[in-house]
Amino acid sequence: MKKIVILLLSTILAFSMLAFSMLVFSACGLTGGGGFRTVNLDIDLNNKPNLNIMFPNTGLSNDVFNDQNNITVRTARELTGYTVNYMQLAATPAALQLHFTNQTNMNAIKVTKAQFDSLVADGALVDLTAGIEKFGPTMRTVISDASWDAVTYEGRIFGIPEIVSNDNVDRTLFFNMVHLRAAGIQTLPTTREELRHALQALYTHHGGAQNHSYRALTFGRFDSFIDPIAASFGLGNQWRDVNGELKFFFEQPEMRDYLEFMHSLRSTTGLIDESFLTQSAADAMSKFINGNASVIVAGWANAVSFLNAPHTNASNVNDRFAALPGLRAEGADGDFVNFQNSGVSFVTVVPWWAANEGGFVIDWIDQKLGEDNFRLLTIGEQGVHHQFINNEYWPILPAFDELNHADNYMMGSNELFYSDFWFARLRKSGNFPDGGYLFNFWASMQPRTTHITSNNPIIGKRNPMRSAPTITEYATVRDRIEIDVEDAIRAIIFSGNVNAAYATALNRWRADGGTAATAAINRWYTNR
Amino acid sequence: MLVKIKKKSTFYKVKKYRKILPFLLPAMILAFVFSYIPMLGLIVAFKDRLNLTAFTPFEAFANANWTLDNFTRLFGSTEFLQAVRNTLVISFLKIVILFPLPIFFAILITEVKNKFSNKTVQAILYLPHFLSWPIVIGIFMNVFDPSSGAVNNILIRMGLMNYQQPTFWFADRGWFHFMMLLTAGYKDIGWSCIIYIAAIMAIDTEMFEAARIDGANKFQQVRYITIPSIVSTIALLLIIRIGFLMDAGFEQIFAMINPEVRSVAEIIGTYVYRLSFDSVRPDFTFATAVGLFNGIIALILILFGNWTAKRIGGKGIW
Amino acid sequence: MVIAKKEKVRSKIRLGKADILFEITKWVLLISFALFCLLPVLNVLSLSFSRAGTSVTLLPVDFTLFAYIQVVEGQAFFRALGVSLFVAIAGTFLSVFVLLLAAYPLSKPDLPFRKPIMIFFLITMLFSGGIVPNFLLVRTLGLLDTTFALFIPSLVRVFNLLLLKTYFEGLPKSLEESAMLDGASYYRILLQILLPLSLPIVATVSLFTAVAYWNDYFASLIYQPTRPEYFPLARYIFDLMTGAALSDILSDPQKVMARQNIQAATIVLAIIPVLMIYPLVLKYFTKGITVGAVKG
């Protein structure tokens, strides 16, 4: 009897202590976001605080991003009057969520459009509409309505959008042409079978079964969906307009054909590096540079790494490597198709606990977006870092290299000029009037609709979702189901059993929110 | 008579020990805050979603709706069921394969009469236990690396492996259980010997003398003296180990997990972790429900194990 | 007379064939197992001293200190080492202190509420809130991303408490009684009488707590979501292994190639502190826990 009483008393004591501690804690916790906090408009712009800004992971060490080491940081400070501490987001999937849960001390963060959608649907962001009215005169003029629409949710603006530098075809297969020619093939493949044939020839030339460290094609584990190959099957960007409605690429029946083809390549020894299952893009690049692979999935921007490769018989980089413009199905003719990036790529947002100083963030960004400031920050001083010739911007090396990481610091973009400035960057490897190997790689991949190039038999496809606003049903499931799809593609290419595995993965995507998301997306798409 | 009763009353005892009772406070307060309050926190399993990106924990808790969905979801979730299956399989394998080995080695070690050799062997065998799991798995990942690891190199040179298709020991679902047992054995077998060594050393040496005089050889001595003498210890430890069936070894498995082996490697613990900390959109409430389910089953098993141990051998964990 | 005869007989018993087989089997198996324990460590040791890209079995290939230089040059390793040292020292000290304080009263058989209090502690061994509630609690306390979260939540280790309590119970009461007659406070009795007498068990418990803290990466996984600067060594190695925290390594192609060697060097450096206290552990441990384990 006594025991029961004691037990009872201690339980009551415990619960009352808990209730008390809950009271205490809720008293000292901040009240959260939700109800859309707005920027405090009553601030004195002359009294500038230090800002803490976070941006996406660059793979570089944090030491790169300070005042001493980086001219962009310095210039920004001098031009705007704000001293800024820059931080990188970790590369793990949950990093963003954890920062928000932890209320990391930051004034603003630059996130991808997908991350933006997820955050805004959760109510974690500050409503910037009024703040932009008051503190953002420049950005209202240099950022297009389409971009503002993409970051508007329930009629209010929640971030400052940044668009892609140019509607580029970014990724394709790069070939080591020295190897290719040595294997007896003088030109890049144009069909899938020619690709297979080329890979086989490369493998045989490098010793075939005798050489166990060489594989013809290598790529990292996040690159199993290879754009030019997929495009040759008629697959689209992530979303594709099929009879007026948007369909997710994984749902397209052609997906099965792509997986079959890739698996058949993988099953033939030596054509594809088995390590694609686990290795990083850096590992793949390392093999390509070492000569242990001759074809790699890369973006034109990665081509800078190619310079590290040893070379024979070709001192000109253009002769050493080439970008594949595209592939066709057998017997098909006409132009190649590849996928362009387009629309809003990044959004700079203010987390709910930083609402009070949101006005300063808007002011800071606004100052950076004016044409002159924007030019200084992106391509530096005329005559020092760049020159203006023939209505085009050309870099002055080696000074221009100081600005290598400038795009990390960009928050919002001056859409009127960004593309032009960006071309200076693209010409980094050249000397007027030659654009340089980087420019040539890029140009060989681009569709002829781009005003810079012509004669390329390439058609570019832009993602129809590029101008989509936040769609809640999509935003709340997107990243999770898309990671699952990516994992499935990789696993199916590696292990085969395509029909069954593909069906399983597809059903899973649908059940986990894919169907609901598609429906919601199409509600927007058909009514826009 | 009255005086006697008074002496034993609680009030009197409190008064007697009033100066030492406060000594208990730090430990009790810490235990209350860090063990009991989280138990009360399990209540979030009954909420639908904790939106921690926009709210503090209490607000998120208050904003969310009460629901039993997390529990109904448990039995429909293939991922969860897979995690349960993996937990049981891994734990079972560990018991069947790794439980007997320390007994076996303990017997051998106690037969090493030379003090120096004995101490040396023990020192070597206990060492892996003191390495952290990341280090142990890191070591094995290097040794078993598909392209540059020692194991594959030796196998290729011996002709047992095709160098064009090296085995990805840590990324192959077929090899996962083997690697899991290998690394767990590496870290724990030596250490687990200790209890058995202690038990064996407690056996009366006269019995061995008598057996030797009677002409028994070492094998017979082990079979008829050593093993029977420690059977009760073995039984006790086995029952307790089974009681902890739900503990498949989070720290080890988590260090070995990757997308390729996840379907056989994900245990309940790592599943909970992934839902909460490795997701782009964490599902805290469901993760808590999974954890609660796991905790209750584990508790039942442990209590049952302890009760059984007491019934059979008279001794339990407490 | 009889005894002498027995001894003579004893020494005359020759090892039979079965016994020789036993001896051989015993040594083969023990040596194999000992090699199994040691060889992987040797492999990693050699790997750390080898040139990148070579395949290493037991000896370094192209001996070089490159990997070690990379580890030592970067700050991350030493930062993690410092965190682990802090956590291990502070955590062990606090934990043992708190547990000693609690074990002393609990060792008194007539302590009021003794059983409920014991149950109070024992329950924490059987059931816990789990990952998410603990995370929420630490978040609410504002301890996320600190080094304190690495040891404070786990200070009360009930198993150690039981060991200490049992040991105290086994000490003679007379010492305590005479000290109390002399007017000593409980605190002084604990520190000046009981503690010196309990050195073996306290040393054992301390060493085990220290090793537990040193090797723990689980706490970091949950309580340190966003600040790599505060990672303990075990977590640092885990990240290295899974390829997560390699930003400073990825940028240099030479370092990428040597990633495994750098990993190996980090592991070797991390093992050294453990090896240094290992003899101490062996010494106290064979006295301390064997007794406790057999008793329990």
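These numbers were taken from a predicted model, which means no experiment stands behind them.

## Quick look at the confidence of the model for chain B
Residue and element names in this part refer to chain B.
Thinking step 1. Averaged over all residues, the pLDDT of chain B equals 87, while 96% of them reach at least 70.
Thinking step 2. Considering each helix and strand of chain B separately, the mean pLDDT is smallest for helix α1 (residues 2–8), with a value of 55, and largest for helix α14 (residues 250–256), with 94.
Thinking step 3. The ipTM, which scores confidence in the relative placement of chains, is 0.89 for this predicted complex, and the corresponding pTM is 0.83.

## Observations concerning the packing of aromatic side chains
Residues and elements named next belong to chain A.
Thinking step 1. Taken as a whole and assessed by the stated rule, the structure comprises 82 aromatic pairs over all chains.
Thinking step 2. Judged by centre distance (5.2 Å) and plane angle (70°), the rings of Phe-250 and Tyr-502 are edge-to-face. Of this pair, Phe-250 sits in the loop between β10 (245–248) and α11 (254–267) while Tyr-502 is found in helix α22 (residues 498–525), placing the two residues 252 residues apart along the sequence.
Thinking step 3. Given a relative accessible area of 0%, Phe-250 falls into the buried group.
Thinking step 4. For the ring pair Phe-423 and Trp-442, a centre distance of 5.4 Å and an interplane angle of 85° mean the geometry is edge-to-face.

## Brief notes about the sheet that holds strand β14 (residues 344–349) of chain A
Residues and elements named next belong to chain A.
Thinking step 1. Within the open sheet, the five strands sit side by side as β2-β1-β3-β14-β6. Their pairing is mixed. Lying at the two open borders of the sheet, with one neighbouring strand each, are β2 (84–88) and β6 (160–163). Neighbour to neighbour, the strand axes of the sheet diverge by 20° on average, direction disregarded.
Thinking step 2. One ladder, built from four bridges, connects strand β3 (residues 108–112) with β14; its direction is antiparallel. Its bridge partner being in β14, Thr-112 is matched across the sheet by Phe-346.
Thinking step 3. Strands β1 (51–55), β2, β3, β6 and β14 of the sheet are contacted by helix α15 (residues 358–369), whose axis makes an angle of about 70° with β1.

## Points about the nonpolar core
Thinking step 1. Core analysis: the largest hydrophobic core is formed by 293 residues, its most contacted members being Tyr-86 and Phe-306 of chain A together with Phe-121 of chain C.
Thinking step 2. Looking at this core, the element that brings in the most residues is helix α4 (residues 76–106) of chain C, giving 16 residues.
Thinking step 3. Sequence-distant contacts of Tyr-86 of chain A, defined by excluding residues within four places in its chain, comprise Ile-53, Phe-55, Phe-65, Val-73, Ala-76, Trp-364 and Tyr-409 of chain A.

## Some thoughts on the packing of helix α13 (residues 218–243) of chain B against helix α17 (residues 284–313) of chain B
All names here are of chain B.
Thinking step 1. The geometry of α13 relative to α17 is characterised by a closest axis approach of 7 Å and an angle of 165° between their N-to-C directions. Between α13 and α17, the interaxial angle falls into the category roughly antiparallel. Like other packed secondary-structure pairs, α13 and α17 cross with a definite hand, here right-handed. Across the interface between the two elements, Leu-236, Ile-239 and Gly-243 from α13 touch Ala-298, Leu-301, Ile-302, Gly-305, Thr-308, Ala-309 and Ile-312 from α17.

## A short note on the pattern of salt bridges
Thinking step 1. Using the criterion set out here, one finds 36 salt bridges over all chains in the structure.
Thinking step 2. One salt bridge connects Arg-508 of chain A with Asp-484 of chain A, and the closest N-O pair in it is separated by 3.5 Å. Separated by 24 residues along the polypeptide, Arg-508 of chain A in helix α22 and Asp-484 of chain A in helix α21 (residues 478–495) bring together distant segments of the chain.
Thinking step 3. Residue Arg-262 of chain B is joined to Glu-266 of chain B by a salt bridge in which the shortest nitrogen-to-oxygen separation is 3.9 Å.
Thinking step 4. Taken together, the salt bridges that share partners define one network made up of Asp-484, Arg-508 and Asp-512 of chain A together with Glu-79, Arg-262, Glu-266 and Arg-274 of chain B.

## So, the sheet that holds strand β12 (residues 321–323) of chain A
Thinking step 1. Here we have four strands laid out as an open sheet, ordered β8-β11-β7-β12 (chain A), and mixed in their pairing. Both edges of this open sheet fall to β8 (217–218) and β12 of chain A, since each of them pairs with a single strand only.

## Thoughts on the interface of chain C and chain B
Thinking step 1. The partner chain B presents 101 residues to the 94 residues of chain C that form the contact.
Thinking step 2. Regarding the contact of chain C and chain B, the summed buried area is about 8,900 Å², with carbon and sulfur atoms giving 80% of it.
Thinking step 3. Taken together, the links from chain C to chain B amount to two salt bridges.
Thinking step 4. Note that Asp-110 of chain C and Lys-16 of chain B form a salt bridge whose closest N and O atoms lie 3.0 Å from each other.
Thinking step 5. With 20 residues, helix α2 (residues 17–48) of chain C is the largest single contributor of residues to the side of chain C that touches chain B.
Thinking step 6. The class makeup of the residues in the side of chain C that touches chain B is 70 nonpolar, 15 polar and nine charged.

## Points about the side chain of Thr-191 of chain A
Residue and element names in this part refer to chain A.
Thinking step 1. Here Thr-191 lies in the loop between α8 (177–182) and α9 (192–205).
Thinking step 2. On the basis of relative accessibility, which here comes to 8%, the residue Thr-191 falls in the buried class.
Thinking step 3. In this structure, Thr-191 is in contact with Leu-327, Arg-328, Ala-329 and Glu-330, ignoring residues within four places of it in sequence.

## Quick notes on a nonpolar patch on the surface
Thinking step 1. A contiguous nonpolar surface patch, about 680 Å² in accessible area, is contributed by Trp-27, Ile-31, Leu-35, Leu-39, Leu-42, Leu-45, Leu-58 and Leu-59 of chain C.
Thinking step 2. Examined against the element boundaries, Trp-27 of chain C turns out to sit in helix α2.

## Brief notes about α21 of chain A
Note that an α-helix has 3.6 residues per turn; residues three or four places apart therefore point the same way.
All names here are of chain A.
Thinking step 1. Taking 1.5 Å of rise per residue, 18 residues should cover 26 Å, and α21 covers 25 Å from first to last C-alpha, within 8% of that figure.
Thinking step 2. Those residues of α21 not exposed but buried are Arg-478, Ile-481, Glu-482, Val-485, Ala-488, Ile-489, Arg-490, Ile-492, Ile-493 and Phe-494.
Thinking step 3. Lining the buried residues of α21 we find α4 (113–122), β10, α11, α20 (472–475) and α22.

Rules behind the numbers
Residue positions within a chain follow its written sequence, with the count starting from 1. Whichever chain is written first is A, and whichever ligand is written first is 1; the rest continue in order. A pLDDT threshold of at least 70 governs which residues receive local features in this predicted model, and a stricter bar of 80 or more applies before side-chain atom pairs are shown or counted, although totals over entire chains, interfaces and linings include all residues. Note that water and hydrogens are dropped before the side-chain values are worked out from all heavy atoms of the structure. pLDDT is a residue-level measure of predictor confidence that goes from 0 to 100. Per the convention used, a helix needs a DSSP run of H or I reaching at least four residues, while a strand needs a run of E reaching at least two, with both numbered from the N terminus. Pairing of aromatic rings covers Phe, Tyr and the six-membered ring of Trp, with a centre-to-centre limit of 6.5 Å; geometry is then stacked below 30 degrees between planes, edge-to-face above 60, and tilted otherwise. Partly exposed describes any residue whose relative accessible area lies between the buried limit of under 20% and the exposed limit of over 50%, with all areas from a 1.4 Å probe on protein chains only and scaled to the type maximum. Between any two strands, at least two bridges found by DSSP are needed for them to pair. With axes taken as lines fitted to C-alpha atoms, and helix axes fitted only over the stretch in contact, angles between N-to-C directions fall between 0 and 180 degrees. Whether two residues touch is decided by their heavy atoms; if any such pair falls within 4.5 Å, the residues are in contact. As used here, the term nonpolar core means buried Ala, Val, Leu, Ile, Met, Phe, Trp, Tyr and Cys residues forming a set that is joined through side-chain atoms within 4.5 Å. Throughout this description, any angle smaller than 35 degrees is read as roughly parallel, any larger than 145 degrees as roughly antiparallel, any in the 65 to 115 degree range as roughly perpendicular, and the remainder as oblique. Left-handed is the label given to a crossing in which the near helix is rotated counterclockwise from the far helix by less than a right angle, and right-handed is the label when the rotation is clockwise. By salt bridge we mean one thing: a side-chain nitrogen of Lys or Arg within 4 Å of a carboxyl oxygen of Asp or Glu. Accessible area that two parts lose when put together, with a 1.4 Å probe and added across both, is what the buried area reports. Each residue receives one of three labels: charged for Asp, Glu, Lys and Arg, nonpolar for Ala, Val, Leu, Ile, Met, Phe, Trp, Tyr, Cys and Pro, and polar for the others, Gly being one of them. Candidates for patches are residues over 30% relative accessible area with no salt bridge; among them, like charges are joined within 9 Å and nonpolar side chains (Val, Leu, Ile, Met, Phe, Trp, Tyr) within 5 Å. Reported accessibility uses the Shrake-Rupley method at a 1.4 Å probe radius. Residues are deemed covered only where the shown protein chains occlude them. Working rule for helices: expected span equals 1.5 Å times residues minus one.

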